[in-house]
Structures are given as C-alpha cells and as structure tokens.
Amino acid sequence: MNLFNASAYSKRMVGSDQDGMDQSTLEEGPPSRTSSSDAEHVEAGRENGAEDAVSGQDRGASKGSTQRSIRDMLDDEGETSVFVNRDLVEPDTIIDEERIVGRDDQLEAVVSYLKPTLQGNRPPNMLLYGPAGTGKSLIIGAVTQQIVDLCQSKGERFGVVDINCQPINTLDQAVFELVQTVANDVDAEVGVPETGVSTKKKYRRLYELINEHYDSVIFILDEIDLLVGRRANDEPAYSKLLYQLSRASNTNEIEGQVSVAALTNDPKFMEDIDGRAESSFNPRDVYFPDYDANQLRQILENRRDAFRPDALTDDVIPLVSAFAAQSHGDARKAIDLFRGAGDLADERGDEKVREKHVRESQEEIDKDRSLKLIEGLTTQKKISLYATASVAHFSNRSGSSVPSPVGFKVYQWVTDQIDADQMTRETYVKYVKELSTYGLISTARKSRGRGRGMYMEFTFTSDPEAMMNRIVDDTRLEAIANQEDLLQSVVSAQLREFHNQ
C-alpha cells in the first residue's frame with residue numbers, strides 16, 4: 001500500500017465509522033412520548049433536586065471556609081520564600097552595570113559604537129557573536145537602556161526594536177514582528193494584519209511608526225542566523241532583512257539615524273549573505289568568549305541579593321558555577337540553575353537553598369535539555385524530526401528504530417498536509433543525521449540484503465512522543481497532531497510496505 005492509498009484508506013475507514021453511527025441513530029426511531037408514570041418520576045426528581053440544591057448551598061458555605069484556608073496557606077508560603085527579588089535571577093532581566101562581570105572590553109566596544117547616537121550621528125551596524133549565554137543580549141540591552149534614558153533627558157526619542165528570530169519562519173513574519181514590537185512600545189495600533197497583505201506594506205507601516213515616534217532607532221536581531229526562510233535555494237531571509245533595514249535611512253524611508261545589531265552564536269551565517277546585503281550591513285564585530293569558572297561564580301555572587309540574606313548555604317554558589325562551567329561557561333544556564341534550586345526549595349517549604357536542591361535541579365535540567373534543543377532547529381529540521389519521531393512513536397514492529405525510507409515517506413505526507421516546502425530524500429537524511437550531534441538520535445547504516453541496497457536507521461535516545469509534543473508547541477504542525485489516527489495509519493502503511501519488500 002503506498003502513502004496516498006494509506007491516507008485514502010484511513011479516510012474511508014473514518015467515513016464508514018461515521019456512516020455506521022448515523023445508521024444506528026436512525027434505527028433508534030423517533031423519541032417516545034412520556035407516560036403519566038414517567039411524568040410522576042420527573043416531578044419527584046424535581047422535588048429531590050430542590051432538596052439537593054438546599055443541601056448544596058450548605059456545602060457551598062462549607063467550601064467558603066476552605067477557600068479562606070487556601071489563601072492563608074498561600075500567604076504563609078509567600079512569607080517563607082527564599083527569594084526577595086526573583087527578577088534578578090531571570091536571565092533576560094536588564095541588570096545594573098555594576099553587576100556585569102568579565103565583559104569590560106565588549107561593554108566599551110558597544111558603548112563606543114553607539115555613542116554617536118547621542119551627538120545626532122549615525123552609529124555603525126554591529127555583529128555581536130559568541131557562544132550561547134556569554135552576555136550578548138545583556139550588554140546590548142544595558143547600553144541601549146542607558147541611551148534611552150539619556151535621550152529622554154534631552155527630549156529626544158531613541159527607539160530600541162528588539163526581536164528574537166528563533167521562532168520566526170519567514171521574512172514576512174519577521175517584518176510583522178518588528179511592526180508589532182514598535183506599536184507595543186509606542187502604544188499605537190499595529191495598523192496591518194499579520195496575513196493577507198504584502199511584506200512591502202508591512203515595511204511601509206514599520207517606517208511610518210518609526211518616523212512618527214522615534215528620532216533615531218536601533219534594530220536588535222537576536223539569533224539572526226535562524227531566520228533562514230522556507231526555501232533552501234533562495235537568498236536567506238536574514239540577508240533580505242539586513243539589507244532593507246541597514247539601508248532604510250540612506251533611502252530616506254526612515255528619516256532619523258538607523259543602526260542594526262545582529263546577535264548570533266554562529267557568525268558563519270555571514271558567508272551566505274547576499275553581496276548587496278553584506279555591503280549595506282558592513283558591521284563592526286564584537287566577540288563574546290565563554291565565561292570561566294571564576295567569572296561565573298562572580299556573576300552569581302552579584303545576584304545573591306535575589307535571595308534572603310540567610311537563604312543560601314555556603315556550597316550553593318560554588319556548585320552552581322561548577323555545573324555551569326561544565327556547560328562551556330554558559331551564564332544563562334548558571335542563572336537558570338540558581339533560580340531552579342531556589343524554586344525547588346520553595347516548592348518543598350524549605351527555608352534554605354542547599355546542595356541537594358542544586359543537584360536535583362541540575363538533574364531536571366539534564367532531562368529537559370534535549371527537548372530545549374529542538375526549539376533552536378529550523379522549520380525543515382523540525383518537520384523532519386517530527387516525521388521521524390512519529391514513526392518511532394507509532395511503530396510496534398521496529399520499536400524506536402526508524403528506517404530512513406519510511407521516515408522520508410512520512411515526511412512527504414506531513415509537508416503535503418501543511419503545504420510546506422519539500423526537501424529531497426538526501427536532504428531529509430542529512431537533516432536527521434545532523435540531529436545526532438545534539439544527542440537526540442543515533443544513526444546506523446543498514447543493508448536491505450544482498451543486492452537490495454543500503455539505508456540509514458535512526459534510533460531515538462529519549463521519548464519520541466515528548467519530542468513530537470515539543471515540536472507541535474513551536475510550529476504549525478498542530479494540524480497534523482489533531483489527525484493522530486490518520487498519521488498513525490500512514491506510519492503503519494509505510495512500515496508494512498517497507499518490511500514486505
């Protein structure tokens with residue numbers, strides 16, 4: 001049975017079930033008239049219902065006292081929390097500059113590049129790059145906030161338009177996100193719908209909002225390298241966006257000064273940028289290296305006042321920084337672990353954060369890390385992973401091992417269902433093999449027997465259903481998830497076809 005026959009077969013089965021249901025309903029005949037005996041039972045039921053209602057009111061009064069007890073418990077829990085300012089251990093909080101650690105060179109560079117804004121001149125564009133959790137967003141956020149305050153004191157309007165490109169699939173979505181960000185900042189109407197109008201009209205609305213509300217502006221494009229667009233052979237969406245924004249003041253579409261700051265973990269994305277975009281963007285580079293163990297420890301010490309003075313035992317900060325140092329010096333992970341240990345202590349009603357809270361919180365982070373990696377994948381890689389995981393999840397015959405020909409057939413079906421671009425079989429296999437570098441799957445080369453060729457076999461290292469759920473939360477694959485029976489029938493049909501060959 002081929003792929004599309006499997007879909008049709010499943011649809012026929014669903015149709016026959018529906019037909020059967022309709023037939024049984026018809027055979028029941030019209031509703032019968034109520035007899036006098038039945039009426040007496042109904043009246044008696046009403047009387048009993050009235051008595052139950054009175055009794056229910058008494059129970060409701062009792063529940064009122066329970067509600068007050070819950071509130072008392074919540075108040076008590078708030079009074080014994082280990083935190084006094086939990087925002088300080090949120091990784092995206094813009095902190096005071098005296099809390100910044102180990103980024104003096106980067107701070108000075110960003111300040112020097114943006115300083116011309118205060119003299120009414122155009123600052124250069126910037127490329128901030130380095131591993132995750134090394135302070136790129138922290139530094140650009142701290143500096144731009146100071147410029148906003150200084151400009152306001154002089155009666156000038158400096159706009160900061162900051163978006164994360166990771167969840168954005170297309171150029172059109174990115175431009176709408178920029179429009180929405182500006183509109184929210186200045187409390188104006190978005191003015192264009194998310195769909196149904198051209199990208200050009202969205203650009204035009206973006207420029208209108210900026211010209212009306214800002215004297216100068218900086219666009220901060222975090223994780224810019226993930227904005228690739230849908231077509232693998234086309235110019236990347238990030239290239240088109242950088243070209244349009246970086247030249248907007250030169251073309252007088254934006255009347256004030258414009259700067260673009262691109263943030264990335266991987267500067268190699270610049271190799272795929274269009275020549276015109278590269279010339280227009282032409283950024284100043286600022287490199288952010290990993291934090292070392294001492295710097296991580298100081299970062300945590302500088303946020304110690306997020307907790308009550310006596311809430312941390314002496315071994316908590318050294319242990320958190322040691323765990324983070326093992327993760328290549330990622331300060332974001334250190335802060336997440338620091339906060340997680342405190343949350344765990346609160347959940348258990350403990351008055352102090354101890355070593356055991358740190359270790360247990362780290363165990364939970366390790367369990368969830370592979371799922372979080374999924375969020376950073378491109379749309380095509382997510383679709384490839386979803387199709388492959390669905391084979392592992394719905395298969396009884398091959399366990400969690402997925403033959404690449406089967407995975408590709410299911411991938412084709414999924415892309416058809418959601419009207420997404422479809423990669424070749426070679427590209428699909430390449431994408432899934434790349435996922436082994438994240439530790440999500442393992443791969444092996446298998447033979448189909450003498451003279452029948454080779455194929456790749458993919459084995460999941462963790463629960464494929466959990467991966468499917470995480471992908472659905474992050475993409476437009478919800479339509480497929482709502483057709484679970486149909487997807488399962490497609491998987492079953494393709495597995496039978498593969499094993500019967």
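Please read all numbers here as calculations on a predicted model, not as lab measurements.

Student: Mind laying out the side chain of Ser384, listing which residues take part and the relevant values?
Tutor: Note that Ser384 resides in helix α13 (residues 379–394). With relative accessibility at 0%, the residue Ser384 sits in the buried group. Excluding residues that lie within four positions of it along the chain, Ser384 makes contacts with Tyr411, Tyr428, Tyr431 and Val432.

Student: So what about the packing of aromatic side chains? Which residues, and what values?
Tutor: Scanning the entire structure with this criterion turns up 10 aromatic pairs. Pairing Tyr238 with Phe269 gives two aromatic rings, centres 5.1 Å apart and planes at 90 degrees, and the pair type is edge-to-face. Of this pair, Tyr238 sits in helix α7 (residues 237–246) while Phe269 sits in the loop between β4 (257–264) and α8 (275–281), and the two are 31 residues apart along the sequence. We classify Tyr238 as buried; its relative accessible area is 3%. An aromatic cluster is present here, built from Phe408, Tyr411, Tyr428 and Phe458 joined pairwise through their rings. For Arg86, the ring lying beneath its charged end belongs to Phe83, and the centroid distance is 5.7 Å.

Student: Tell me what's going on with the sheet that holds strand β8 (residues 454–460), and back it up with residues and numbers.
Tutor: The 3 strands are arranged β6-β8-β7 in an open sheet whose pairing can be described as antiparallel. Only two strands of the sheet have a single partner each, and these edge strands are β6 (401–403) and β7 (441–447). Averaged over all pairs of adjacent strands, the angle between strand axes in this sheet comes to 30 degrees, irrespective of strand direction. As paired elements, β7 and β8 share 7 bridges and run antiparallel to each other.

Student: Hey, could you go over the environment of Leu88 for me, with residue numbers and the actual values?
Tutor: Residue placement: Leu88 occurs in the loop between α2 (36–79) and α3 (104–114). C-alpha of Leu88 to C-alpha of Phe307: the two residues are 219 residues apart in sequence and 9.1 Å apart in space.

Student: Account for the packing of α13 against helix α15 (residues 425–434), naming residues and giving values.
Tutor: As a packed pair, α13 and α15 sit with axes 9 Å apart at the nearest point and diverge in direction by 85 degrees. Here α15 runs roughly perpendicular to α13, going by the angle between their axes. Two secondary-structure elements touch here, α13 through Gln380, Lys381, Ser384 and Thr388 and α15 through Tyr428, Tyr431, Val432 and Glu434.

Student: How would you explain the nonpolar core if you had to name every residue and give the values?
Tutor: Counting 43 residues, the largest nonpolar core has Leu385, Leu477 and Leu487 as its most contacted members. The set of elements that each furnish at least two residues to this core consists of α13, α14 (404–418), α15, β8, α16 (464–474) and α18 (484–500). The biggest single contributor to this core is α13, with 8 residues. Those residues in contact with Leu385 that lie beyond four places of it in its chain are Ile374, Leu377, Leu435, Leu440, Phe460, Met467 and Ile471. Judged by nonpolar contacts, the second largest core, of 42 residues, contains Val182, Tyr214, Leu241 and Val258.

Student: I'd love a proper account of the sheet that holds strand β1 (residues 126–129), names of residues and values included.
Tutor: With parallel pairing, 5 strands are arranged side by side in an open sheet as β2-β3-β4-β1-β5. Every interior strand has two partners, whereas the edge strands, β2 (158–164) and β5 (284–287), have only one. In this sheet, adjacent strand axes meet at a mean angle of 15 degrees when their direction is disregarded. As judged from the 4 bridges shared by β1 and β4, these two strands associate in the parallel manner. Across the sheet, residue Tyr129 finds its bridge partner in β4, namely Thr264. Sheet contacts for helix α4 (residues 136–153): β1, β2, β3 (216–222) and β4; angle to β2, the most-contacted strand, approximately 160 degrees. Where helix α5 (residues 171–186) meets the sheet, its contacts fall on β2 and β3, and the angle it forms with β2 comes to roughly 135 degrees.

Student: How would you explain the pattern of salt bridges if you had to name every residue and give the values?
Tutor: Going through the model one piece at a time under the given rule, you end up with 15 salt bridges. We note a salt bridge from Arg359 to Glu355, for which the minimum N-O separation is 2.7 Å. Placement of the pair is Arg359 and Glu355 together in helix α12 (residues 355–375), with a separation of 4 residues, close to one helical turn. Judged by relative accessible area, which is 38%, Arg359 ranks as partly exposed.

Student: Help me get a handle on the UniProt feature "binding site: ATP" (unreviewed entry) in the chain, residues and values and all.
Tutor: As annotated by UniProt and renumbered to match this structure, "binding site: ATP" (unreviewed entry) occupies Thr134, Gly135, Lys136, Ser137, Leu138, Tyr291 and Arg303. Beyond its immediate stretch of four places on either side in the chain, Gly135 contacts Phe288 and Tyr291. Take Tyr291: it is sitting in the loop between β5 and α9 (293–301). The buried category is assigned to Tyr291, whose relative accessible area is 6%. When sequence neighbours within four positions are dropped, the list of residues in contact with Tyr291 reads Val101, Arg103, Gly133, Thr134, Gly135, Leu296, Ile299, Gly329 and Ala331. Engagement of the side chain of Tyr291 in a polar contact is seen with the backbone oxygen of Thr134, the distance being 3.4 Å.

Student: How would you explain α5 if you had to name every residue and give the values?
Tutor: Structural remark: α-helix, 3.6 residues per turn; residues separated by three or four positions point the same way. An ideal rise of 1.5 Å per residue puts 22 Å on 16 residues; α5 measures up with 23 Å between its terminal C-alpha atoms. Three or more residues of α5 are buried, namely Leu171, Ala174, Val175, Phe176, Leu178, Val179, Val182, Ala183 and Val186. Where α5 is buried, its residues contact β2, α6 (199–213), β3 and α7. One or two positions beyond α5, positive phi appears at Asp187, with a value near 60 degrees.

Reading the values: rules and limits
- Residues numbered from 1 in each chain as written.
- Predicted model: local features only at pLDDT ≥ 70, side-chain atom pairs only at ≥ 80, totals over all residues.
- Heavy atoms only, no water.
- Helix = DSSP H or I, 4+ residues; strand = E, 2+ residues; numbered from the N terminus.
- Buried < 20%, exposed > 50% of the residue type's maximum accessible area, 1.4 Å probe, protein only.
- Contact = heavy atoms within 4.5 Å.
- Phe/Tyr/Trp six-rings, centres within 6.5 Å; stacked < 30°, edge-to-face > 60°.
- Lys NZ or Arg CZ within 6 Å of the ring centre and 35° of its normal.
- Pairing = 2+ DSSP bridges.
- Axes fitted to C-alpha atoms, helices over the stretch in contact; angles between N-to-C directions.
- Parallel < 35°, antiparallel > 145°, perpendicular 65-115°, else oblique.
- Core = buried A, V, L, I, M, F, W, Y, C linked by side-chain atoms within 4.5 Å.
- Salt bridge = Lys/Arg side-chain N within 4 Å of Asp/Glu carboxyl O.
- UniProt positions renumbered as here; feature names shortened; annotations may be inferred.
- Polar contact = N/O pair within 3.5 Å; in protein donor to acceptor, adjacent residues only side chain to side chain.
- Expected span 1.5 Å × (residues − 1).

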